[in-house]
Every structure is written in C-alpha cells, then in structure tokens.
Amino acid sequence: MKLDELMKQGESQRLEFKESFGKETVETVAAFSNASGGVILIGVDMKGKVNGIKYYEESIKDWANMIKQATLPQIFPEISPVLVENKWIVSVFVQEYPVKPVSCKGKYFKRIGASNHQIPV
C-alpha cells in the first residue's frame, strides 16, 4: 500500500502520526514491537495532515540511538526520510519483536487499536 493511501486511513493498530520526534515516539516503537509491528510517520498531525519537519541525517542517527538506548531488548527500526507533498516526513518502520515484552525505560507498552497502553508484566 502506498504511503498516501495509508495516511488517508488514519491512525490505527499499525499506524501512528507524530508531529515531532519525542518520548512518545519511543514508547510507540516499544508498543508496536509488543504487538504486530507498525509505522510511525513523523511530521504528520493527528488528522493525517502533512506538516513536514526539518530533519538532518544526524537527527536520524540520534533518533535511532535514542530508541536503542530506551528499549530492552534493543530495537533497531528502519528510519527513512520521505518527501510527501513537497515536505519532508520521516517514516519509522517497526517490526513485531519475536521475544516479548520489549520495555521502554522500564515500562511496557502494547498497541491496542489506535493507542498505546501501558501493560503490567
């Protein structure tokens, strides 16, 4: 499925929109890892509108490092810049992790529907 078609469907079990990279993005990586995987689109608002972001190659390296340091076992998602509507967004592709649960700074999250839920372990 193409990215624009995916965005029209809105947030779901396997799709999350974030206007910027932050703590919640890392929690979503862990939540997707503990569920069936998913894609996070950074630079897209909650309604699916592409606002774009300013990013640098160094940003992507920093984000990958932040995710790696916050998750246990360490998660290494595929992070790629994508040009949409003449604006840059960043796609973070997360696979379901085979050994669960994956923690994020000692907390555990799971993707249920279109939201992340903290789960007890």
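Residues numbered from 1 in each chain as written. Predicted model: local features only at pLDDT ≥ 70, side-chain atom pairs only at ≥ 80, totals over all residues. Heavy atoms only, no water.

Turning our attention to the environment of Gly-52. As for its position among the elements, Gly-52 is in the loop between β2 (38-42) and α3 (57-70). Remark: the alpha-carbon pair of Gly-52 and Asn-86, spanning 34 residues in sequence, is separated by 8.6 Å. (Helix = DSSP H or I, 4+ residues; strand = E, 2+ residues; numbered from the N terminus.)

So, about the nonpolar core. Residues Val-29, Ile-42, Trp-63, Ile-67, Ile-79, Val-90 and Val-92 are the most contacted members of the largest nonpolar core, which totals 22 residues. Excluding residues that lie within four positions of it along the chain, Val-90 makes contacts with Ile-40, Leu-41, Ile-42, Ile-53, Tyr-55, Trp-63, Ile-79, Ser-80 and Pro-81. Phe-17, Val-44, Val-84 and Ile-89 belong to the second-largest nonpolar core, a separate cluster that totals nine residues. (Core = buried A, V, L, I, M, F, W, Y, C linked by side-chain atoms within 4.5 Å. Buried < 20%, exposed > 50% of the residue type's maximum accessible area, 1.4 Å probe, protein only. Contact = heavy atoms within 4.5 Å.)

What follows is about the sheet that holds strand β8 (residues 115-118). In spatial order, the strands read β3-β6-β7-β8; together these four strands make up an open sheet with antiparallel pairing. On the outer flanks of this sheet lie β3 (71-72) and β8, each paired with one strand and no other. With respect to the sheet, helix α2 (residues 23-34) is in contact with β3, β6 (103-104), β7 (107-112) and β8, its orientation differing from that of β7 by roughly 70°. (Pairing = 2+ DSSP bridges. Axes fitted to C-alpha atoms, helices over the stretch in contact; angles between N-to-C directions.)

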